[in-house]
Amino acid sequence: MAPLLSVEGLVVDLPVRGPTGRTHHRIIDGVSFDVAPGEAVGLVGESGSGKSLTLRSVVRLLPEGAEVRGSLRFADADVLTMNRKQLNALRSSGVATIFQDPRAAVNPMRTVGDFVLEGPVRAGGRNRDEVLREALGLLTDVGIDRPEQRLRQYPHELSGGMLQRIVIAAAILSRPQLLLADEPTTALDVTTQSDVIAILDEQRHERGLAMVFVTHDLDLAAAICDRTCVMYAGRIVEDQLSSTLHDAPQHPYTAALVAARPVLDIDAGCELPVLRAIRGRPASAYEAPSGCPFEPRCNHAEPACSATRPPEVNSGCSRVACFRASELRGILALEVETHA
Ligand SMILES: Nc1ncnc2c1ncn2[C@@H]1O[C@H](COP(=O)(O)OP(=O)(O)OP(=O)(O)O)[C@@H](O)[C@H]1O
Ligand SMILES: [Mg+2]
């Protein structure tokens, strides 16, 4: 099946002001991944690994002065050469984006109804009454009671959880083929988080929407995504089926992330979560060493790892960028098993 979204060799350089004037820093360093129609792909990795900028590149919502190279195709259209009108069409119908903070998505001076209805009405194809009818049904589906009244309210009158449900309903109302979700529940309390995730997952499945889902949470990605891409220093170091990622990681960084998840060591009589941090600190693409970017923090590194960049190697349903991947497979599986 032809991919709905195809990202190949994406490179993003951002402008920074240095002591000698303006320069550019490499932030995304050759990211490639495909998303099939209806497929959900997770992007995970530590803070600063480039998850959000990869996601934002898909709809070209990047900081001013960003330099973008590579290939980005959505439904076979070249996103990188789109003009403003084509980009507006892409953002208002083909691809819907849900960010971490729902309050940042809405205008506090305008009603919820303005926010929900305006885009789809402006996009054409449905009159205001049709859009309104569909919106009321969708708001009910995402768990909003008294939807007519909510549409007349202002954002400050609603809780964060309620507002994020409304943002999800508005995203679906635009009838996209692809949802981009960037940590859509991080700003919400734990109970609301699971409700909102369940709604997002249910609505996506019901409508056969594809999704790219950014999160720090490996377990969450595994639960709602078909595939998970693990990012480090602006690159994808592993791309695997979510169902096998935890038990059979192929990259030492993935194994370290799996082992770093908090676990309760009940056998040892300890009720506090055991945290196994990854030593060292994450690097950005521009400061990563010339060999494998994870080499300085890797427990399995050899001298060859610092000499050249490991290429991405495909095997079956997975892809990994580690010189030692095949010999480490059993060792990494054992490592995560002993931490489980
Ligand atoms: N507007 C900007 N100008 C300069 N650098 C930026 C800008 N936005 C992001 N960066 C840098 O780009 C890198 C990647 O940022 P990005 O937001 O994609 O990370 P992330 O993986 O989403 O992290 P987090 O998990 O903290 O959200 C970081 O080092 C960040 O400091
Ligand atoms: Mg981010």
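Structure shown above.
Residues numbered from 1 in each chain as written. Chains lettered and ligands numbered in written order. Predicted model: local features only at pLDDT ≥ 70, side-chain atom pairs only at ≥ 80, totals over all residues.

Colleague: I keep staring at the nonpolar core and nothing clicks. Help me out?
Modeller: Among the nonpolar cores identified, the biggest contains 88 residues, and I166, A169, L178, L179, L180, M211 and V230 are the most heavily contacted of them. No other element matches helix α7 (residues 160–173), which puts 10 residues into this core. Contacts of I166, omitting those with residues within four sequence positions, involve V112, V116, L139 and I144. (Core = buried A, V, L, I, M, F, W, Y, C linked by C-beta atoms within 7 Å. Buried ≥ 20, exposed ≤ 12 C-beta atoms within 10 Å, placed from the backbone. Helix = DSSP H or I, 4+ residues; strand = E, 2+ residues; numbered from the N terminus. Contact = placed C-beta atoms within 7 Å.)

Colleague: Help me understand the sheet that holds strand β1 (residues 5–18), please; the structure alone is not making it clear to me.
Modeller: Neighbouring strands of a sheet are bound in pairs by backbone hydrogen bonds; such pairs are parallel or else antiparallel. Read from one edge to the other, the open sheet built from 4 strands follows the order β2-β1-β4-β5, with strand pairing classed as antiparallel. Whereas interior strands pair on both sides, the edge strands pair on one side only; in this sheet they are β2 (21–35) and β5 (77–78). Examined bridge by bridge, β1 and β2 share 12 bridges and lie antiparallel to one another. Looking at β2, one finds that V12 is bridged to I28. (Pairing = 2+ DSSP bridges.)

Colleague: I tried to follow the pairing of strand β3 (residues 40–44) on my own but got confused; where do I start?
Modeller: The two faces of a sheet get side chains in turn, since along a regular strand they alternate between them. A large share of β3 lies buried, amounting to 5 of its 5 residues. Residue alternation in β3 divides its side chains into two sets, A40, G42 and V44 and V41 and L43, and both sets are buried. Looking at chain direction, β3 and strand β9 (residues 227–232) are connected through 4 bridges and run parallel. Paired with V44 across the two strands is V230, which belongs to β9.

Colleague: What is the right way to look at the site of ligand 1 in this model?
Modeller: Contacts to ligand 1 come from 14 residues, most closely from S47, K51, S52, L53 and P63. Of all the secondary structure elements, the ones that give two or more residues to the shell around ligand 1 are β1 and α1 (51–58). The dominant element in the shell around ligand 1, judged by the number of residues it contributes, is α1, at 3 residues. In terms of residue class, the shell around ligand 1 is built from 5 nonpolar, 8 polar and 1 charged. (Near = placed C-beta within 6 Å. Nonpolar A, V, L, I, M, F, W, Y, C, P; charged D, E, K, R; others polar.)

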